[in-house]
Amino acid sequence: MDILVKYNTTRQYTNTLCEPLDIEDYTPQSVAFASPPKWHLAHTTWFFEEMILKPYFKDYKVFDEEYGFLFNSYYNSLGKRINRNERGLITRPSVETIYNYRIHVDKHISLLLKNFPNDSDITNLLVLGINHEQQHQELLITDIKYTLSKNPINPKLYKEAFANNIVEEQKQEFIKIEEGIYTIGHDNNEFCYDNETCKHRVFLEPYTISNKLVTNEDYINFITSNGYETAKYWLDDGWTWINKNNLKAPLYWYNIDNEWFVYTLAGLKKINLKAPVTHLSYYEANAYANFVGKRLPTEFEWEIAASKFNWGNTWEWTNSAYLPYPNYKQEPGAVGEYNGKFMINTMVLRGCSVATSPNHSRYTYRNFFSPETQWQFTGIRLAK
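Residues numbered from 1 in each chain as written. Predicted model: local features only at pLDDT ≥ 70, side-chain atom pairs only at ≥ 80, totals over all residues. Heavy atoms only, no water.

Visitor: Which parts of the structure should I look at to understand the pairing of strand β7 (residues 267-270)?
Guide: Successive side chains on a regular strand alternate, one facing one side of the sheet and the next facing the other. As defined by bridge partners, strand β6 (residues 259-264) adjoins β7 across four bridges and the pair is classed as antiparallel. Directly across from Val262, in β7, lies its bridge partner Lys269. (Pairing = 2+ DSSP bridges. Helix = DSSP H or I, 4+ residues; strand = E, 2+ residues; numbered from the N terminus.)

Right, dumping it as structure tokens:
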């Protein structure tokens, strides 16, 4: 696909995701980790302006000098920025102004590509920016879901209920993988993030991995068997966390008159027992695996087996800490801040989810979140 077509398609999809929003939905921030839609719209635009237009478009004039402060996310090398938990306080500029900002940047990206159609540096940064925006499309969905879930009337945003309308129909089987030395990491000319590079070998002991995800019905059995009250299933850190927060079920679950319901972006729904359980923390995923006498796969076990089962309904927690591959080197400048500095205190997830943008998944993709994360579409695949 032509790079400008891909750029415009990606940018339009972000706008499409926002079409059902009321103007009041664009700005509130319900918690520090969930950014407002308006901020996502502006930040992804700022990324193209800062990383591409400013260095490569001669005499380019930024849309607004304040936007570098307001819409920088975590790039220390690019100057000061607003505190993450204060993004919802940005009532000005208006939503209309942010959409005009997007139009302004899109126009100049188009002009830049017409003037430099074969510049590999520009193209590579544009591909990175497109993938960056696709990441934020998923975050936009999960962030607005978290915010709307705080509304007591359980508002509907989309017709799509996402994970709750999926059925894990296949009979569970455990796929056997022989011991051996396997190659891990990205190994073709298609786009990948730097944390997937540095292809290397690992030795794996023989193992088996489930062909299907853990379902809501499976997880309800854990709940009704006092899983949240039984310390032996939990890591000490997780046990402390669930008790501090008085957690008894996954995020968005409600027990109403002894029947389980879940908040979705299509409103409050009865839980589909055959759907994959989702919105689980690593702690909960690990505890469930202990409950059934299994374990979570490592990210290397997952990658080697991934071609043998269907995936894509939830991000899947692995039992691997997010660490650099052998010989990994962080890129210089702001681009180098994209992944490397987060390689501490997080766990790797593999696959993708029902909220992941089209054409934004691959076997080698390494997602990562802190172990208490629940607001992403995160689930469980068992290994033994």
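Moving on from the coordinates now.
Visitor: Would you mind going over the nonpolar core with me for this structure?
Guide: A general feature of soluble globular proteins is that nonpolar side chains tend to end up buried together. One finds Tyr219, Trp253 and Ile380 to be the most contacted residues of the largest nonpolar core, which totals 92 residues. If we skip the residues at most four places from it in the chain, Ile380 touches Leu213, Val214, Tyr219, Val277, Leu280, Ala285, Tyr288 and Leu296. Counting 14 residues, the second-largest nonpolar core is a separate cluster that includes Ile177, Tyr207, Phe309 and Ala383. (Core = buried A, V, L, I, M, F, W, Y, C linked by side-chain atoms within 4.5 Å. Buried < 20%, exposed > 50% of the residue type's maximum accessible area, 1.4 Å probe, protein only. Contact = heavy atoms within 4.5 Å.)

Visitor: What is the right way to read the pattern of salt bridges from this model?
Guide: Side chains carrying opposite charge are able to pair once their charged atoms draw close together. By the definition in use, this model includes 14 salt bridges. The network of salt bridges with shared partners includes Arg11, Arg102, Asp106 and Glu133. (Salt bridge = Lys/Arg side-chain N within 4 Å of Asp/Glu carboxyl O.)

Visitor: Got a minute to help me understand the sheet that holds strand β9 (residues 347-351) in this structure?
Guide: Sheet strands pair via backbone hydrogen bonds, and the direction of the pair is either parallel or antiparallel. Read from one edge of the open sheet, four strands run β10-β9-β8-β11, paired in mixed fashion. The outermost strands of the open sheet, each flanked by one partner alone, are β10 (367-369) and β11 (378-379). Sheet topology places strand β8 (residues 315-321) next to β9; four bridges connect them, and they run antiparallel. Bridging across to β9, Trp317 finds its partner in Leu349.

Visitor: Any chance you could explain the packing of helix α1 (residues 3-18) against helix α4 (residues 95-115) here in plain terms?
Guide: To characterise two packed helices, one gives the angle between the axes of the helices and the distance between these axes. α4 packs onto α1 with a crossing angle of 170° between their chain directions and a minimal axis gap of 11 Å. Regarding the angle of α1 to α4, the classification is roughly antiparallel. Contacts from Ile3, Leu4, Tyr7, Arg11, Thr14, Asn15 and Cys18 of α1 reach α4 at Tyr99, Arg102, Val105, Asp106, Ile109, Ser110 and Leu113. In the contact of α1 with α4, the residues fall into eight nonpolar, three polar and three charged. (Axes fitted to C-alpha atoms, helices over the stretch in contact; angles between N-to-C directions. Parallel < 35°, antiparallel > 145°, perpendicular 65-115°, else oblique. Nonpolar A, V, L, I, M, F, W, Y, C, P; charged D, E, K, R; others polar.)

Visitor: Teacher, can you tell me more about the sheet that holds β6 here?
Guide: Ordered in space as β5-β6-β7, the three strands form an open sheet in which the pairing is antiparallel. Of all the strands in the sheet, the pair left with one neighbour each is β5 (253-256) and β7. Strand-to-strand twist of the sheet, defined as the mean angle between neighbouring strand axes without regard to direction, takes the value 35°. For β5 and β6, the ladder comprises four bridges, and the chain directions are antiparallel. The residue of β6 that forms the bridge with Trp253 is Val262. Packed on one face of the sheet, helix α6 (residues 216-224) meets β5 and β6 and runs near 65° to β5.

Coordinates in, geometry out; function isn't part of it.
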